[in-house]
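Next come the chains, spelled out residue by residue.
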Amino acid sequence: MECTVSWTGPNTATGTTTTSGSAMSFLATTGSGHTLVMDGAPDAAKPENGGANLAPRPMETVLAGTGGCTAYDVVLILKRGRHDVRGCTVRLTSERAEADPKVFTKIHMHFVVAGSGIAASAVERAIAMSHEKYCSATIMLGKTADITTSFELIEA
């Protein structure tokens with residue numbers, strides 16, 4: 001797996017910002033050929049050091065990727081168990097350390113799984129398997145963060 005991240009911020013030759021309109025904007029190009037824009041938070045005290053709130057923050061993309069990783073696992077585990085899963089949403093809330101490096105210290109993931117005839121125990125098992133064995137992102141983040149989960153099951 002590979003990824004190239006390029007700063008699209010100010011043109012150092014002219015001192016002006018690029019068409020992104022942000023001094024702290026980055027473009028990631030993944031090995032699979034997809035692109036993702038990231039931007040920093042605005043900094044009123046030093047605008048030249050801040051973003052323009054034009055895209056997600058890099059740490060937001062880490063959290064989003066983690067949610068995608070675990071949701072993928074949960075859906076796949078349920079499908080492999082021949083459960084009639086029709087929807088899966090995970091809402092992540094987090095806390096970060098006050099001081100640098102501002103690692104995640106707490107992450108809560110609330111899953112909403114929709115399907116027909118799925119037992120709650122199957123959803124609970126799928127979430128546990130994702131977090132204990134399959135989801136690389138949650139296993140990595142679990143080194144610094146207390147990760148908790150909850151879920152609700154909707155008959156659909």
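Calculation criteria
- Residues numbered from 1 in each chain as written.
- Predicted model: local features only at pLDDT ≥ 70, side-chain atom pairs only at ≥ 80, totals over all residues.
- Heavy atoms only, no water.
- Helix = DSSP H or I, 4+ residues; strand = E, 2+ residues; numbered from the N terminus.
- Expected span 1.5 Å × (residues − 1).
- Buried < 20%, exposed > 50% of the residue type's maximum accessible area, 1.4 Å probe, protein only.
- Arc of directions from axis to C-beta.
- Contact = heavy atoms within 4.5 Å.
- Core = buried A, V, L, I, M, F, W, Y, C linked by side-chain atoms within 4.5 Å.
- Phe/Tyr/Trp six-rings, centres within 6.5 Å; stacked < 30°, edge-to-face > 60°.
- Lys NZ or Arg CZ within 6 Å of the ring centre and 35° of its normal.
- Pairing = 2+ DSSP bridges.
- Axes fitted to C-alpha atoms, helices over the stretch in contact; angles between N-to-C directions.
- Polar contact = N/O pair within 3.5 Å; in protein donor to acceptor, adjacent residues only side chain to side chain.

## Comments concerning helix H2 (residues 120–134)
Here H2 contains 15 residues, and its C-alpha end-to-end distance of 20 Å stays within 8% of the 21 Å for a straight helix at 1.5 Å per residue. Listed in full, the buried residues belonging to H2 are Ala-122, Val-123, Ala-126, Ile-127, Ser-130 and His-131. With its buried residues spanning 160° around the axis, H2 presents them on a single face. Residues of H2 that are exposed and point more than 90 degrees away from the buried face comprise Ser-121, Glu-124, Arg-125, Glu-132 and Lys-133. Its buried side turned inward, H2 meets helix H1 (58–80), strand S5 (104–116), helix H3 (136–141) and strand S6 (146–155).

## Some remarks on the nonpolar core
Val-74, Leu-78, Ile-107, Phe-111, Val-113 and Ile-118 are the most contacted members of the largest nonpolar core, which has 20 residues in total. With near-sequence residues (within four places) excluded, Phe-111 lies in contact with Thr-70, Val-74, Cys-88, Thr-89, Val-90, Ile-127, His-131, Thr-149, Ser-150, Phe-151 and Glu-152.

## Notes on the packing of aromatic side chains
Two aromatic rings are characterised by how far apart their centres lie and by the angle between their planes. All told, the structure shown has zero aromatic pairs when counted by the stated rule. When the ring centre of Phe-104 is taken as origin, the NZ or CZ atom of Arg-96, which lies over that ring, is 5.9 Å away.

## Considerations on the pairing of strand S3 (residues 35–39)
Alignment of strand S2 (residues 25–30) against S3, held across five bridges, turns out to be antiparallel. Within the sheet, the bridge partner assigned to Ser-25 lies in S3 and is Asp-39. Between S2 and the antiparallel strand that follows it, S3, lie four residues; Gly-33 among them carries a positive phi value of about 90°.

## A few points about the sheet that holds S2
One open sheet holds the three strands; their spatial order is S1-S2-S3, and the pairing between them is antiparallel. One side of each edge strand has no neighbouring strand; the edge strands of this open sheet are strand S1 (3–7) and S3. Averaged over all pairs of adjacent strands, the angle between their axes in this sheet comes to 20°, without regard to strand direction.

## Let's talk about the environment of Lys-143
Structurally, Lys-143 is set in the loop between H3 and S6. The exposure class assigned to Lys-143 is exposed, which follows from its relative accessible area of 69%. In sequence terms Lys-143 and Thr-105 are 38 residues apart; their C-alpha atoms lie 9.2 Å from each other.

## A look at the side chain of Ser-130
Within the secondary structure, Ser-130 is located in helix H2. Polar contacts involving the side chain of Ser-130 include one to the side chain of Asp-73, which spans 3.0 Å. Not counting chain neighbours up to four residues away, the residues in contact with Ser-130 comprise Thr-70, Asp-73, Val-74, Ile-77, Cys-135 and Thr-138.

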